[in-house]
Amino acid sequence: MAAGLAMEGFVPYVHTIATFITRRCYEQVAVDCCLHNLPVRLIGNGGGLVYAPLGPTHLAIEDIAIMRALPNMTVVSVCDADEMKRFMDQTLDWPGPIYIRLAKGYDPIVSRAELGFQIGKAIVMREAAGGKSRVLLVTTGVATTRALEAAEALEAEGIECTLLHMHTVKPLDAAALVEHARGCDLIVTVEEHTVIGGLGSAILDALVEHLPGAMPPVRRLGIPDDFAHKYGNQDQLMELYGLHPQGIADSVRDGLRRRAA
């Protein structure tokens, strides 16, 4: 129905649970929306581990990977409600389909209006003092919030971090990535998504292509290649997978130790 409306000149917005709008109707998304490059906006709520109380059937942990694989599909995962508002203003004129990954709502507001928003353009949410960064954190969605807290803790120890918020996973802002990756000791990607095919994979793809032979060590933080075996809430499962601030900071410290060794 959405594809038919788009063919008639409308810009339809379709909203449901993230697992339903990705896995359940993948063939229709590919053939009806992407093949014709139609301006359909697919909004998936509860991305990542939001539906932790309902178990693995409702966890959208591979949605970025499968939607990113579709030609013509744009993939966006904002970090908070304010950023969502700035993003939505741009969706009317964007050509082709967009997959919009939402969290649970009422997450802390960490985005800032003065940083702006443009589809396909990463945002530097935090820059290392003096412009010299030992660690580049690359994040998307609400993982950005957790990584910002981790960066603050690391700064107190003298570990300078720059945080690049990749709200648009596809098309990826390779230029911003390469600019901030050059010269750093470690790159850490953080996502509430399986480590296969998501943000971390997109970052590695871009670095291999644009920084051959000069790529810093990369550590990908995300959900293992497995279905969740525990129930709980979103924060509990993020902690289980080391996606909470302390877990992110610990991973950075370990990565730097290994780099020094």
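Each remark here, short or long, concerns the structure printed above.
A quick note: this is a predicted structure, and the numbers were derived from the prediction, not measured. (Residues numbered from 1 in each chain as written. Predicted model: local features only at pLDDT ≥ 70, side-chain atom pairs only at ≥ 80, totals over all residues. Heavy atoms only, no water.)

Enquirer: Which parts of the structure should I look at to understand the environment of isoleucine 17?
Expert: Locating isoleucine 17 in the fold gives a position in strand E1 (residues 13-17). Remark: the alpha-carbon pair of isoleucine 17 and alanine 147, spanning 130 residues in sequence, is separated by 25 Å. Discounting residues that sit within four places of it in the chain, isoleucine 17 has contacts with Gly44, Asn45 and Tyr51. (Helix = DSSP H or I, 4+ residues; strand = E, 2+ residues; numbered from the N terminus. Contact = heavy atoms within 4.5 Å.)

Enquirer: I would appreciate a short explanation of helix H3 (residues 26-34) in the present structure.
Expert: Each α-helix turn comprises 3.6 residues. Residues three or four places apart therefore point the same way. Along H3, the residues classified as buried are Val29, Cys33 and Cys34. An end-on view of H3 places all buried positions within 75° of arc, on one side of the element. Buried-residue contacts for H3 involve helix H2 (18-24), strand E2 (41-45) and helix H4 (63-68). (Buried < 20%, exposed > 50% of the residue type's maximum accessible area, 1.4 Å probe, protein only. Arc of directions from axis to C-beta.)

Enquirer: Just to check I follow, could you spell out the side chain of threonine 19 for this structure?
Expert: For threonine 19, the location among the structural elements is in helix H2. Aside from chain neighbours lying at most four places away, what touches threonine 19 is Arg24, Thr57, His58, Leu59 and Ala60.

Enquirer: What's the story with the packing of helix H7 (residues 174-181) against helix H8 (residues 199-210) in this structure? I'm lost.
Expert: Packing of H7 against H8 brings their axes to within 10 Å, and their N-to-C directions diverge by 70°. It follows from the interaxial angle that H7 and H8 lie roughly perpendicular. The residues of H8 that touch H7, namely those facing Ala174, Leu177, Val178 and Ala181, are Ile203, Ala206, Leu207 and His210. (Axes fitted to C-alpha atoms, helices over the stretch in contact; angles between N-to-C directions. Parallel < 35°, antiparallel > 145°, perpendicular 65-115°, else oblique.)

Enquirer: What is the right way to look at the packing of aromatic side chains in this model?
Expert: Aromatic rings in a pair are described by how distant their centres are and how their planes are angled relative to each other. Inspection of every chain in the model, using the stated rule, returns one aromatic pair. A ring pair is formed by phenylalanine 87 and phenylalanine 117, whose centres lie 5.6 Å apart and whose planes are at 50°; its orientation type is tilted. One end of the pair, phenylalanine 87, is in helix H5 (residues 81-88); the other, phenylalanine 117, is in the loop between strand E4 (98-101) and strand E5 (123-126), and 30 residues separate them in sequence. Just as phenylalanine 87 is buried, phenylalanine 117 falls in that class too. (Phe/Tyr/Trp six-rings, centres within 6.5 Å; stacked < 30°, edge-to-face > 60°.)

Enquirer: How should the pairing of strand E6 (residues 135-139) be read in this particular structure?
Expert: The side chains of a regular strand alternate, residue by residue, between the two faces of the sheet. Within E6, five of the five residues are buried, which leaves the element mostly enclosed by the surrounding structure. In the sheet, E6 pairs with strand E7 (residues 161-165) via five bridges, with the strands oriented parallel. The partner of valine 135 across the bridge, within E7, is cysteine 161. (Pairing = 2+ DSSP bridges.)

Enquirer: Looking at this structure, I do not really get the side chain of threonine 168. What am I missing?
Expert: One can find threonine 168 in strand E8 (residues 168-170). Here the side chain of threonine 168 touches histidine 167 through a polar contact of 2.9 Å, side chain to side chain. (Polar contact = N/O pair within 3.5 Å; in protein donor to acceptor, adjacent residues only side chain to side chain.)

Enquirer: I would appreciate a short explanation of the sheet that holds strand E9 (residues 186-194) in the present structure.
Expert: Adjacent strands of a sheet form backbone hydrogen bonds with each other and so pair up, either parallel or antiparallel. In spatial order, the strands read E5-E7-E6-E9-E10; together these five strands make up an open sheet with mixed pairing. With partners counted over all chains shown, the strands left at the sheet margins are E5 and strand E10 (218-223), one partner each. Between one strand and the next, the sheet's axes are offset by a mean angle of 25°, whatever the strand orientation. Pairing analysis gives five bridges linking E9 to E10, with the strands arranged parallel. When the sheet's bridge partners are listed, threonine 189 is paired in E10 with arginine 220. Helix-sheet contacts for helix H10 (residues 245-260) involve E6, E9 and E10, and the interaxial angle to E10 is about 155°.

Enquirer: Could you clarify how one ought to interpret the pattern of salt bridges in this entry?
Expert: Oppositely charged side chains can form a pair if their charged atoms are brought close together. For the structure shown, the criterion picks out 14 salt bridges. With a closest N to O distance of 3.0 Å, lysine 104 and aspartate 107 form a salt bridge. Overall, the relative accessible area of 12% leaves aspartate 107 in the buried class. Put simply, arginine 146 and aspartate 235 hold a salt bridge, and the shortest N to O gap is 2.6 Å. Pair noted here: arginine 146 is in helix H6 (residues 143-155) and aspartate 235 is in helix H9 (residues 234-240), with a separation of 89 residues, a long-range link. The exposure class of arginine 146 is buried, given its relative accessible area of 10%. Overlapping salt bridges, with partners in common, bring together Arg219, Asp254, Arg257 and Arg258 in one network. (Salt bridge = Lys/Arg side-chain N within 4 Å of Asp/Glu carboxyl O.)

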